[in-house]
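Commentary on secondary and tertiary structure
Take a look at the letters that make up each chain.
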Amino acid sequence: MRLRTGAALAMAAVLALAGCGGEDTGSQGAGLKVQSAYMPQPVTAAMAAGYLVIENDGDAPDTLRSVTSDIAQDVTIHTTSGQTMESAGSADRAIPAHGRLVLESGGMHLMFEKLKRKPKEGETVSVELHFAKTDPVKIEMPVKSATYQPTSATSTTSSASSPFSSLSFSSLSFSSLSFSSLSFSSSSSSAASSSSSHH
């Protein structure tokens, strides 16, 4: 089901500012390990996003069936396409043997809907992951700032392309400085030419 509400579009814009990565939770089930979990501090009191990586060291595949949390009435698994979010199918949530399932910005992610309270930076959120074969895995998901940028390789690429990144602002400032220098040089040249004509 596609979500095109104003709140969903606003959240999609926020998701673009965050990437996959974060602190290693160290939580695991039989053959499954959950790491790099974090939640950017939500900008609204209604919903929040969550990211994590599930690694499967076992010889059998598994599937992430559902997610629950005491902080939200519903936790859904979505994929992002442009400014549209839709529910992730079971094939998207598959965890291959000796593989991983990545929930990241611009791709699959968790949506905590109908929040019971608004989590703040520095807190942790209790989350329970339910699988098709493995027993449920509980993790404590740290809440980061709304503009948190993980130090992973994928987030570095995302950060560089973001119009809100420090690189973009630095480039803009440099361009302005160059333009000012160019204008100054042009003015100096004109003044010199005028002086020469008088002589």
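As shown above, the structure is provided for reference.
I will try to describe carefully the structure that is included in this document. Since we're looking at a predicted model, the values are computed, not measured. Starting afresh in each chain, residues are numbered from 1 along the sequence in its written order. Residues qualify for local features only when their pLDDT is at least 70, as the model is predicted, and side-chain atom pairs are given and counted only at 80 or more; totals for whole chains, interfaces and linings, by contrast, use all residues. Working from all heavy atoms in the structure, the side-chain values ignore hydrogens and water.

**Some points on the pattern of salt bridges**
Where we set the bar: Salt bridges, as used here, are contacts in which a Lys or Arg side-chain nitrogen is within 4 Å of a carboxyl oxygen on Asp or Glu. Each helix is a run of DSSP H or I of at least 4 residues and each strand a run of E of at least 2, with the numbering of both proceeding from the N terminus. Partly exposed describes any residue whose relative accessible area lies between the buried limit of under 20% and the exposed limit of over 50%, with all areas from a 1.4 Å probe on protein chains only and scaled to the type maximum.
By the definition in use, this model includes four salt bridges. Among the ionic pairs, Lys114 bridges to Asp74, the shortest N-O distance being 3.9 Å. Of the two residues, Lys114 sits in strand 10 (residues 108-115) while Asp74 sits in strand 6 (residues 72-81), which places them 40 residues apart along the sequence. Among the residues examined, Asp74 registers a relative accessible area of 31% and is labelled partly exposed. Residue Lys138 pairs with Glu128 through a salt bridge whose shortest N-O separation is 3.8 Å. A residue pair is termed long-range when its members are at least 10 positions apart, and Lys138 in strand 12 (residues 137-144) and Glu128 in strand 11 (residues 124-131) qualify at ten residues. A relative accessible area of 63% places Lys138 in the exposed class.

**Points about the side chain of Thr80**
Worth spelling out the cut-off: Residues adjacent in sequence count toward polar contacts only when both atoms are side-chain atoms; beyond that, a polar contact is any pair of N or O atoms within 3.5 Å, and within protein one must be able to donate a hydrogen and the other to accept it.
Within the secondary structure, Thr80 is located in strand 6. Here the side chain of Thr80 touches His109 through a polar contact of 3.3 Å, side chain to side chain.

**Remarks on the pairing of strand 4 (residues 47-56)**
How we decide: Two strands qualify as a pair provided that DSSP identifies no fewer than 2 bridges between them.
Of all ten residues in strand 4, ten are buried; the element is thus mostly enclosed. Side chains Met47, Ala49, Tyr51, Val53 and Glu55 project from strand 4 onto one buried face, and the interleaved Ala48, Gly50, Leu52, Ile54 and Asn56 project onto a second face that is buried too. Here strand 3 (residues 32-40) pairs with strand 4 via five bridges, running antiparallel. Among the inter-strand pairings, Val34 is bridged to a residue of strand 4, identified as Ile54. Here strand 3 folds back onto strand 4 in antiparallel fashion, the turn holding six residues. Relative to strand 10, strand 4 runs antiparallel, the two being bridged by four bridges. Each residue of the ladder has a partner; that of Gly50, found in strand 10, is Leu110. Looking at chain direction, strand 4 and strand 9 (residues 100-103) are connected through four bridges and run antiparallel. Within strand 9, the position partnered with Leu52 by the bridge is Leu103.

**Structural notes on the nonpolar core**
Selection criterion: Only buried Ala, Val, Leu, Ile, Met, Phe, Trp, Tyr and Cys residues count toward a nonpolar core, and they belong to the same one when joined by side-chain atoms within 4.5 Å.
In this structure, Leu52, Ile54, Leu110, Phe112, Leu129 and Met141 are the most contacted members of the largest nonpolar core, which totals 29 residues. Looking at this core, the elements that each hand over two or more residues are strand 3, strand 4, strand 5 (62-69), strand 6, strand 9, strand 10, strand 11 and strand 12. Ranked by size, the runner-up nonpolar core spans six residues in total, among them Tyr38, Met47, Tyr51 and Met85.

**Here we look at the packing of aromatic side chains**
Condition: When two rings of Phe, Tyr or Trp (its six-membered ring) have centres within 6.5 Å they constitute a pair, described as stacked for plane angles under 30 degrees, edge-to-face for angles over 60, and tilted for the intermediate range. Cation placement over rings: the criterion is NZ of Lys or CZ of Arg within 6 Å of the ring centroid and within 35° of the ring normal.
Counted by the stated rule, this structure contains two aromatic pairs. With centroids separated by 5.1 Å and ring planes inclined at 75 degrees, the aromatic side chains of Tyr38 and Tyr148 adopt a geometry described as edge-to-face. With Tyr38 in strand 3 and Tyr148 in the loop between strand 12 and helix 2 (153-161), this residue pair connects regions lying 110 residues apart in the sequence. A network of ring pairs unites the aromatic residues Tyr38, Tyr51 and Tyr148 as a single cluster. Just above the ring of Tyr148 sits the side chain of Lys144; from NZ or CZ to the centre is 5.3 Å.

**Digging into the pairing of strand 6**
Of the strand pairs in this sheet, strand 6 and strand 10 are connected by seven bridges, and their pairing is antiparallel. From the neighbouring strand, His78 faces strand 10, where its bridge partner is His109. Of the pairings in the sheet, the one linking strand 6 to strand 7 (residues 84-87) comprises four bridges and is antiparallel in character. In the sheet register, His78 faces strand 7, and the bridge partner there is Ser87. In this antiparallel pair of consecutive strands, strand 6 and strand 7, the connection spans two residues, and Gly82 shows a positive phi of 65 degrees.

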